[in-house]
Amino acid sequence: AKADGGGTVRLFEDGMLERIRVRQFMKQELGGALEREELHLAYQPLLDLRSGTVRAVEALLRWDHPTKGSVSPAEFIPLAEETGLIVPIGDWVLQTACRQATEWPEDVSVAVNVSAVQFRCNSLPLKVAAALARSGLAPARLELEITESVLLHESEHNMRILHALKGLGVRIALDDFGTGFSSLSYLRLFPFDKLKLDRCFVSDIGRSSQSEAIIRAAGEMGRALSMVTTAEGVETADQLAWLKANGWSQAQGYFVGRPSRLPFDLAYRKGGQTE
Ligand code: C2E
Ligand code: CA
Ligand code: CA
Ligand code: CA
């Protein structure tokens, strides 16, 4: 039993060490990813459920590592946040998304994710203003997605940054709605333009009347507060139909379109898919 215990501990330690080594390696690699041009943006369409057209896309960061292949943002964004690399990387995302969006039709807007670390910097509004100025993108075509984890605490800093961003004429979306605890108090304090319901609720459509009740209530609240209501993670025609029937304004998910280098599928602009 003693030998077994020791073996288990060693195995556990080996696993831990291996993971720490991989993380260290990836952190180092991430440091040069921007210069080596290993990053690019993929764009996922947001389908407007009333018109059946795509007038917005979300920019999602992609890292193609020469030996590790495609690394998931769920894996490398936390590393980028720990090292502070998210600040230059976030700047690059903002500038690239704004520049690329100027090449699309003028009625298409782009949403960019903002990390908690970027949000903590006083310079964020300046950087957003600079990205708009350099690209010439109309501010109304840029949306910033902010999660509850960014707004963990109600603070003067948070309110100042939010209002400064809003003052630039960009729109602000509350991302991953329903996964944290602070959303409701923030809705009371700040006029978000959009509520993005986390995909964990959407996957329950047709399976849990409890989740359906929550989605209905969230939609009603969003509409009452004049927000655009967007449901994430829409993977089936049934989910899409349910959301449309319940008054949701936008749907995003694999059923509508996967993230791709192309900004959006032209077919959706003709409105075929939802009919
Ligand atoms: P998010 O902002 O909630 O983005 C949506 C995620 O859901 C994306 O994952 C997208 O590919 C995925 N997704 C879209 N439709 C479906 C669907 O129908 N089913 C399922 N299962 N998943 C779907 P992705 O691209 O892996 O990004 C993960 C997270 O990484 C994002 O979650 C966001 O928090 C973060 N992220 C991505 N790009 C950036 C960035 O440029 N800056 C920052 N700070 N964070 C980013
Ligand atoms: Ca997002
Ligand atoms: Ca989200
Ligand atoms: Ca998420």
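This is a predicted model, so every value here is computed, not measured.

Take the coordination of the calcium ion (ligand 2) next. Distances from the calcium ion (ligand 2) to its protein donors, Glu58 (OE), Asn113 (OD1), Glu145 (OE) and Asp175 (OD), fall at 2.2 to 2.3 Å. Taken in chain order, the donor set of the calcium ion (ligand 2) reads E-x54-N-x31-E-x29-D. Here the calcium ion (ligand 2) and the calcium ion (ligand 3) are spaced 3.9 Å apart, with Asp175 acting as a shared donor. One end of the pair, Glu145, is in strand S5 (residues 142-147); the other, Asp175, is in strand S6 (residues 171-177), with 30 residues separating them in the sequence. Accessibility expressed as a relative area gives 1% for Glu145, which makes it buried. Of the residues examined, Asp175 reaches a relative accessible area of 4% and is grouped as buried.

In the structure shown here, the tally under the stated rule is 3 aromatic pairs. Arranged with centres 4.9 Å apart and planes meeting at 85°, the rings of Tyr43 and Trp104 form a pair that is edge-to-face. Taken together, the positions of Tyr43 in strand S1 (residues 39-48) and Trp104 in the loop between helix H3 (86-101) and strand S4 (109-113) put the pair 61 residues apart, joining distant regions of the chain. Accessibility classification places Tyr43 together with Trp104 in one group, the buried group.

This part takes up the coordination of the calcium ion (ligand 4). In ideal tetrahedral geometry, four donors around a metal make angles of 109.5 degrees, whereas ideal octahedral geometry with six donors gives angles of 90 or 180 degrees. At 2.9 Å from the calcium ion (ligand 4) lie its protein donor atoms, namely Asp176 (OD) and Asp176 (OD). Relative to the assigned elements, Asp176 resides in strand S6.

Within the secondary structure, Ser135 is located in helix H5 (residues 124-135). As a C-alpha pair, Ser135 and Ala97 span 38 residues in sequence and 9.3 Å in three-dimensional space.

Glancing now at H3. Look at H3: 21 Å from first C-alpha to last across 16 residues, which is about the 22 Å you get at 1.5 Å a residue. Inspection of H3 places Ile86, Val87, Ile89, Gly90, Asp91, Val93, Leu94, Thr96, Ala97, Cys98 and Ala101 among the buried residues, and these make up the whole buried set.

Judged by its relative accessible area of 19%, Ser135 is buried. Here the side chain of Ser135 touches Ala131 through a polar contact of 2.8 Å, landing on its backbone oxygen. Of note is the side chain of Ser135, whose polar atom sits 3.2 Å from the backbone nitrogen of Leu137. Among residues more than four places away in sequence, those in contact with Ser135 are Cys98, Arg99 and Thr102.

The interhelical angle for the contact between H5 and helix H6 (residues 156-167), taken along N-to-C directions, is 15°, at an axis separation of 9 Å. By the angle class used here, H5 and H6 are roughly parallel. For H5 against H6, the interelement crossing comes out right-handed. Between H5 and H6, the contacting residues are Leu124, Pro125 and Val128 on the first element and Ile161, Ala164 and Leu165 on the second. Class assignment for the residues of the contact of H5 with H6 results in 6 nonpolar, no polar and no charged.

What counts, and at which threshold
- Residues numbered from 1 in each chain as written.
- Chains lettered and ligands numbered in written order.
- Predicted model: local features only at pLDDT ≥ 70, side-chain atom pairs only at ≥ 80, totals over all residues.
- Heavy atoms only, no water.
- Donors = N, O, S within 2.8 Å, 3.2 Å for Na, K, Ca; no water.
- Helix = DSSP H or I, 4+ residues; strand = E, 2+ residues; numbered from the N terminus.
- Buried < 20%, exposed > 50% of the residue type's maximum accessible area, 1.4 Å probe, protein only.
- Phe/Tyr/Trp six-rings, centres within 6.5 Å; stacked < 30°, edge-to-face > 60°.
- Expected span 1.5 Å × (residues − 1).
- Polar contact = N/O pair within 3.5 Å; in protein donor to acceptor, adjacent residues only side chain to side chain.
- Contact = heavy atoms within 4.5 Å.
- Axes fitted to C-alpha atoms, helices over the stretch in contact; angles between N-to-C directions.
- Parallel < 35°, antiparallel > 145°, perpendicular 65-115°, else oblique.
- Left-handed = near helix turned anticlockwise from the far one by under 90°.
- Nonpolar A, V, L, I, M, F, W, Y, C, P; charged D, E, K, R; others polar.

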